[in-house]
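Chains, contacts and geometry: an overview
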Amino acid sequence: MTHLSLLKPTGHLTLGNHLGALRPMREAATGDSYYGIADLHALTVAHDPAALRALVQEMATLLLAVGLEPATLFVQSHVPAHSELAYLLECTATTGELNRMIQFKEKGRGVPTTRASLFTYPVLMAADILLYRAERVPVGDDQRQHVELTRDLALRFNQAYGPVFTVPEIATPAAGARVMDLQDPTTKMGKSHQSGAGIIYLLDPPDIIRRKVARAVTDSATGSAAVRRDRATKPGVTNLIDILEACGGSADGLSSYGALKTAVTEAVVEELAPIQKRYADLACDPASVTAVYAAGAERCREVTAPVLAAARAAIGLG
Ligand code: AMP
């Protein structure tokens, strides 16, 4: 079954991205998986062109370094069908329903400088999904409303113009670890968090990882009984134990926060070492990365062309 996932290049990839998304994506990857870098979505907020280009290159290299290549890897803007279908779907969506999108309401509505693309981005996301005839879309709560919109648009289009689109089901994502910020363990470790002190980036060298883990927030308890999970009262310690276990370690027998932090550092450094090694090799050979993404875009253009053609014909374009 087709498996589609897009990542937005708005910051450096984090340990949270790896344990929560990239590692499960690697496990799920087959020849029928399409993993894209959503560079068009990154244009919906203020951006710097050179920084975007560098982030896309870094992300493209990292996805390969993580080992996702059984999937088709591509950059969204290299497949023009995404923006072409988005326009046809903009002619299907209404301003009323886009106005109700929670993310737009929270991040842009009523602000005169908000980019129009932030208003329409759920429609581009619908195009991303419908072009690949995805049958099930695993999404977290923050994107659920957008996939519901995707379903509404597909149904409306099919009803008005004929059965062009596969209407996707909304699925619960395979449980990946949820990693919290080391400095603020009640919020997610996110790539666009203001301060990087609580975030481990995939390309952080071992000494930076050691320093960030050493400074992670814990609590004032001491002794071996302190090293235990309790999400409500010990969010920092719980997060460190979660990270340790997700990276193949165990907190059993650890009798101090110092020992826990040493174990977390070692486990994270070991988890990231092969990725960083491959990244360094690939970064020396950018042409090989470019070749993978060129082949990926070619495959995506072939797969999506019939869907776009059917939508064009159905809506009345010659
Ligand atoms: P984002 O970086 O928020 O665009 O998310 C990209 C993907 O990484 C999504 O599948 C997220 O669920 C996942 N992800 C991001 N941050 C974390 C985190 N701290 N813990 C687990 N998964 C995460």
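Summarised in this report is the structure supplied together with it. Since we're looking at a predicted model, the values are computed, not measured. (Residues numbered from 1 in each chain as written. Predicted model: local features only at pLDDT ≥ 70, side-chain atom pairs only at ≥ 80, totals over all residues. Heavy atoms only, no water.)

**Quick word on the site of the ligand**
Surveying the vicinity of the ligand reveals the residues Leu7, Gly16, Asn17, Gly20, Ala21, Ala177, Arg178, Val179, Lys188, Met189 and Lys191. Between the ligand and Gly16, the relevant distance is 3.2 Å, taken from a nitrogen atom to a main-chain nitrogen or oxygen of the residue. At a separation of 2.6 Å, a nitrogen atom of the ligand approaches a polar backbone atom of Val179. Look at the ligand: alone it shows 470 Å² of surface, and the protein chains cover 69% of it. By residue number, the principal contributor to the shell around the ligand is helix H1 (residues 15-28), which donates four residues. (Near = heavy atom within 4 Å. Polar contact = N/O pair within 3.5 Å; in protein donor to acceptor, adjacent residues only side chain to side chain. Areas by Shrake-Rupley, 256 points an atom, 1.4 Å probe, with all protein chains shown as cover. Helix = DSSP H or I, 4+ residues; strand = E, 2+ residues; numbered from the N terminus.)

**Some points on the pairing of strand S3 (residues 72-75)**
Side-chain alternation along S3 places Thr72 and Phe74 on one buried face and Leu73 and Val75 on a second face that is also buried. Looking at chain direction, strand S2 (residues 33-37) and S3 are connected through four bridges and run parallel. Looking across to S3, one finds that Tyr35 is bridged to Leu73. A crossover connection joins S2 to the parallel S3 through helix H2 (residues 49-66); in handedness this β-α-β unit is right-handed. (Buried < 20%, exposed > 50% of the residue type's maximum accessible area, 1.4 Å probe, protein only. Pairing = 2+ DSSP bridges. Right-handed = clockwise from strand over helix to strand, strands pointing away.)

**Digging into the packing of aromatic side chains**
A full pass over the atoms with the stated rule returns five aromatic pairs. Put simply, the rings of Tyr34, Phe74 and Tyr132 pair up and form one aromatic cluster. Across from the ring centre of Tyr121, 5.9 Å away, lies the NZ or CZ of Lys8, which sits over that ring. (Phe/Tyr/Trp six-rings, centres within 6.5 Å; stacked < 30°, edge-to-face > 60°. Lys NZ or Arg CZ within 6 Å of the ring centre and 35° of its normal.)

**Observations regarding the sheet that holds strand S1 (residues 3-7)**
Strand order across the open sheet formed by three strands is S1-S2-S3, with parallel pairing between neighbours. Looking along the sheet, the strands with just one partner apiece sit at the ends: S1 and S3. This sheet shows a mean twist of 20° between the axes of neighbouring strands, independent of strand direction. Note: S1 against S2, five bridges, orientation parallel. (Axes fitted to C-alpha atoms, helices over the stretch in contact; angles between N-to-C directions.)

**Points about the pattern of salt bridges**
Applying the stated criterion across every chain yields a total of 12 salt bridges. With a closest N to O distance of 3.4 Å, Glu148 and Arg144 form a salt bridge. Placement of both Glu148 and Arg144 in helix H7 (residues 141-161) is noted, with a separation of four residues, approximately one turn of the helix. Its relative accessible area of 40% is what places Arg144 among the partly exposed residues. Here the salt bridges share partners, and the residues they tie into one network are Arg229, Arg231, Asp242 and Glu245. (Salt bridge = Lys/Arg side-chain N within 4 Å of Asp/Glu carboxyl O.)

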